[in-house]
2 protein chains.
Amino acid sequence: MTQKISDKVINRLTLYHCILSDYISDNVEFISSKQIAKLLNIDDSQVRKDINLLNNSGKCRVGYIVKELKASIEKTLGFKKTKNAFIIGAGNLGSALAKYDNFTDYGLNIIALFDIDKNKIGSEVNNKKVFDIECLPELVQKNNIDIAILTVPRKYAQDMANFLVDSNIKYIWNFTPTVLNVPQDVQVWNENLMGNFLQFTYNI
Amino acid sequence: MTQKISDKVINRLTLYHCILSDYISDNVEFISSKQIAKLLNIDDSQVRKDINLLNNSGKCRVGYIVKELKASIEKTLGFKKTKNAFIIGAGNLGSALAKYDNFTDYGLNIIALFDIDKNKIGSEVNNKKVFDIECLPELVQKNNIDIAILTVPRKYAQDMANFLVDSNIKYIWNFTPTVLNVPQDVQVWNENLMGNFLQFTYNI
């Protein structure tokens, strides 16, 4: 790949990918930009423009070849570069994410969960073990983990972030409603649910 | 408000709001654009530009007045226009969202949850009752609900969306990894978790 793809395009390509997966389940072979556009309530010229960014050869008179378009998106967005991650916090949200089997299709491999609750430690969520948070530094090193998905309650978020940084985690996918204070060499991705909600509802 | 604020700005303002809430908890009275910028790893000129969009009078020599800046953001983004919503699916994700008390601060009021599982129906999550999905149409009407938060398993997503549309829901916040097919007068907001993840990891 030679071109930097913008966040908005990556977001749309992922949604096209969802549509293509559904078409494959339904044994449909071809799809048009109009069909994709209608489902997402966007302009079909936008869909064609996005798809032109891919090295996609599967275009024919009746539309795009579903399987080839799906493969092009996967190649361009790097679905196959698997990234291993730990989930920090085995509560409802952490468990929901551990059960989200789609992650694997997109190259995100959840290895294990961590918690402080003795009742949860030793149990399994979707065949992934819940470990004592004290084992984290050792297991980060052993499994060569870069990414932590943070789902602890808000009041523990900053302390836990400090512990993750000390344990050599370099990327934190932050689901807590707190802005974390971390050193420059650690990247935080804020899953800003309320920001998204306000974007949606701003015009209602 | 006279000006349309872009999605990116709304997203950043929500993060500033998180920071301000933490400052208030810590009894800090003033904050500078540099402090906000450092926490989010962005440029402080960007922070000042965003804040200039608000009708914020709380600026002084030592920085912004935390409480006034917070109030300005809330006013501009419409936190006080409370929106009622139902959660569809009382699994891990639905329960996690029902427990997310921050929603109320942002004007999102979760009234109840719905499920098909007889073991869940009648129980409560964070003082919100879980109802039989069959009661939905009646309760939508009775509570004047516009917004449904969809957290059911992928395979039920489209059928459930059809049911929501038939029940007169006008906005679906979609947490399932499926693109929903709905009529033109219904709006779907896709919480595209994998799209976000791929945006984050695209450059790793």
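Residues numbered from 1 in each chain as written. Chains lettered and ligands numbered in written order. Predicted model: local features only at pLDDT ≥ 70, side-chain atom pairs only at ≥ 80, totals over all residues. Heavy atoms only, no water.

**Observations regarding the relation of the copies chain B and chain A**
Worth spelling out the cut-off: A least-squares superposition brings the copies together, and it is based on the C-alpha atoms of residues with pLDDT no lower than 70 in both. Contact criterion: two residues are considered in contact whenever any of their non-hydrogen atoms come within 4.5 Å of each other.
Of the transformation placing chain B onto chain A, the axial shift is 0.0 Å and the rotation is 180°, giving an RMSD of 0.0 Å. One copy is carried onto the other by what is essentially a two-fold rotation axis. Residue Asn 92 of chain B, judged by its C-alpha, is the member of chain B lying nearest the rotation axis, at 2.4 Å. Take the interface residues of chain B: 100% of them recur as interface residues in chain A, which is what a same-surface contact looks like.

**Digging into the packing of aromatic side chains**
Note the cut-off: Two rings belonging to Phe, Tyr or Trp (six-membered ring only in the last case) form a pair when the distance between their centres is within 6.5 Å. Interplanar angles under 30 degrees mark stacking, angles over 60 mark edge-to-face geometry, and anything in between is tilted.
In total, this model carries 22 aromatic pairs over all chains according to the counting rule given. Put simply, the rings of Tyr 100, Phe 103, Tyr 171, Trp 173, Phe 175 and Trp 189 of chain A together with Phe 197 and Phe 200 of chain B touch in pairs and so form one group of aromatic residues.

**So, the sheet that holds strand 4 (residues 83-88) of chain A**
Residue and element names in this part refer to chain A. Selection rule: Strand pairing follows a simple DSSP-based rule, namely that at least 2 bridges must link the two strands. Helix and strand definitions here come from DSSP, where helices need a minimum of 4 consecutive H or I residues and strands a minimum of 2 consecutive E residues; each element is numbered from the N-terminal end.
The sheet built from 7 strands is open, its strands ordered 6-7-5-4-8-9-10 with mixed pairing. The open sheet terminates on both sides in strands that have one partner only, identified here as strand 6 (124-125) and strand 10 (187-190). Here strand 6 runs beside strand 7 (residues 128-132); their pairing, made up of 2 bridges, is antiparallel. Directly across from Val 125, in strand 7, lies its bridge partner Lys 128.

**Focus: the nonpolar core**
Worth spelling out the cut-off: Nine residue types can take part in a nonpolar core, namely buried Ala, Val, Leu, Ile, Met, Phe, Trp, Tyr and Cys, and a core is a set of them joined through side-chain atoms within 4.5 Å. With a 1.4 Å probe rolled over the protein chains alone, any residue whose accessible area is under 20% of its type maximum counts as buried; one over 50% counts as exposed, and the rest are partly exposed.
By size, the foremost hydrophobic cluster in this structure holds 102 residues, and its most contacted members are Trp 173 of chain A together with Trp 173 of chain B. Not counting chain neighbours up to four residues away, the residues in contact with Trp 173 of chain B comprise Leu 193, Phe 197 and Phe 200 of chain A together with Phe 103, Leu 108, Ala 148, Ile 149, Leu 150, Trp 189 and Glu 191 of chain B. Ranked by size, the runner-up nonpolar core spans 22 residues in total, among them Phe 86, Leu 139, Ala 161 and Ile 172 of chain B.

**Description of the sheet that holds strand 9 (residues 171-174) of chain B**
Residue and element names in this part refer to chain B. To keep things clear, this is the line we draw: In this analysis, axes come from line fits to C-alpha atoms, helices being fitted only over the stretch in contact, and the angle between any two N-to-C directions falls in the range 0 to 180 degrees.
Pairing within the open sheet is mixed, and its 7 strands lie in the order 6-7-5-4-8-9-10. In the strand order of this sheet, the two ends are held by strand 6 (124-125) and strand 10 (187-190), each with one partner. Of the strand pairs in this sheet, strand 4 (residues 83-88) and strand 5 (residues 108-115) are connected by 6 bridges, and their pairing is parallel. In the strand pairing of strand 5, Ala 85 is matched with Ile 110. Sheet strands touched by helix 7 (residues 136-143): strand 4, strand 5 and strand 7 (128-132). Its angle to strand 4, the strand with the most contacts, is close to 170°.

**Some words on the interface of chain B and chain A**
Put simply, the rule reads: The quantity reported as buried area is the accessible area (1.4 Å probe) lost by two parts once they are put together, taken as the sum for both. Any carboxyl oxygen of Asp or Glu that lies within 4 Å of a side-chain nitrogen of Lys or Arg is treated as forming a salt bridge with it. Any pair of N or O atoms that falls within 3.5 Å is considered a polar contact. Within protein, one atom must be able to donate a hydrogen and the other to accept it, and sequence-neighbouring residues count only if both atoms are side-chain atoms.
Chain B puts 59 residues into the contact, and the matching count from chain A is 59 residues. For the pair chain B and chain A, the two sides together bury roughly 6,000 Å², of which 62% comes from carbon and sulfur. Joining chain B to chain A, the criterion identifies 2 salt bridges. One can count 10 residue pairs in polar contact (both at pLDDT 80 or more) joining chain B with chain A. Mapped onto the side of chain B that touches chain A, the elements with two or more residues apiece are helix 1 (7-25), helix 2 (33-40), helix 4 (66-77), helix 5 (92-98), helix 6 (102-105), strand 9, strand 10 and helix 9 (193-201) of chain B.

**A short note on helix 7 (residues 136-143) of chain A**
Residues and elements named next belong to chain A. Short version of the rule: Each C-beta atom gives one direction from the helix axis, and the arc is the one those directions make.
By the burial criterion, the buried members of helix 7 are Leu 136, Leu 139 and Val 140. Viewed along the axis of helix 7, the buried residues span an arc of 105°, placing them on a single side of the element. Away from its buried face by more than 90 degrees, helix 7 exposes Glu 138, Gln 141 and Lys 142. Packing partners of the buried residues in helix 7 comprise strand 4, strand 5 (108-115), strand 7 and helix 8 (157-166).

**Observations concerning the pairing of strand 4 of chain B**
Residue and element names in this part refer to chain B. Counting buried positions along strand 4 gives 5 out of 6 residues, so the element sits mostly inside the fold. Across 4 bridges, the pairing between strand 4 and strand 8 (residues 147-150) is parallel. Bridge pairing in strand 8 links Ile 88 to Leu 150.

**A few points about unusual backbone geometry**
Of note, the phi angle at Asn 168 of chain A is positive, near 80°, even though the residue is not glycine. On the secondary structure map, Asn 168 of chain A appears in the loop between helix 8 and strand 9 (171-174). You will see that Asn 126 of chain B, though not glycine, has its phi angle at about 50°, which is positive. Structurally, Asn 126 of chain B is set in the loop between strand 6 and strand 7. On the basis of relative accessible area, Asn 126 of chain B is assigned to the partly exposed category, the value being 28%.

**Observations regarding the confidence of the model for chain A**
Regions with low pLDDT should not have their predicted coordinates read in detail. For the record, the criterion: Note: pLDDT gives the predictor's confidence per residue, expressed from 0 to 100.
The predicted model of chain A averages 92 in pLDDT, with 99% of residues at 70 or higher. Confidence, read as mean pLDDT per element, is least for strand 2 (residues 59-60) of chain A in chain A (78) and greatest for strand 7 of chain A (98).

**Let's talk about the packing of helix 2 of chain B against helix 3 (residues 44-52) of chain B**
Residues and elements named next belong to chain B. The condition is simple: Each helix crossing is assigned a hand: it is left-handed if the near helix lies turned anticlockwise from the far helix by less than a right angle, otherwise right-handed if that turn is clockwise.
Two numbers describe how helix 2 lies on helix 3: the axes approach to 8 Å, and their chain directions differ by 115°. In terms of crossing hand, the pair formed by helix 2 and helix 3 is right-handed. Here Ser 33, Lys 34, Ile 36 and Ala 37 of helix 2 lie close against helix 3, whose contacting residues are Asp 44, Val 47, Arg 48 and Ile 51.

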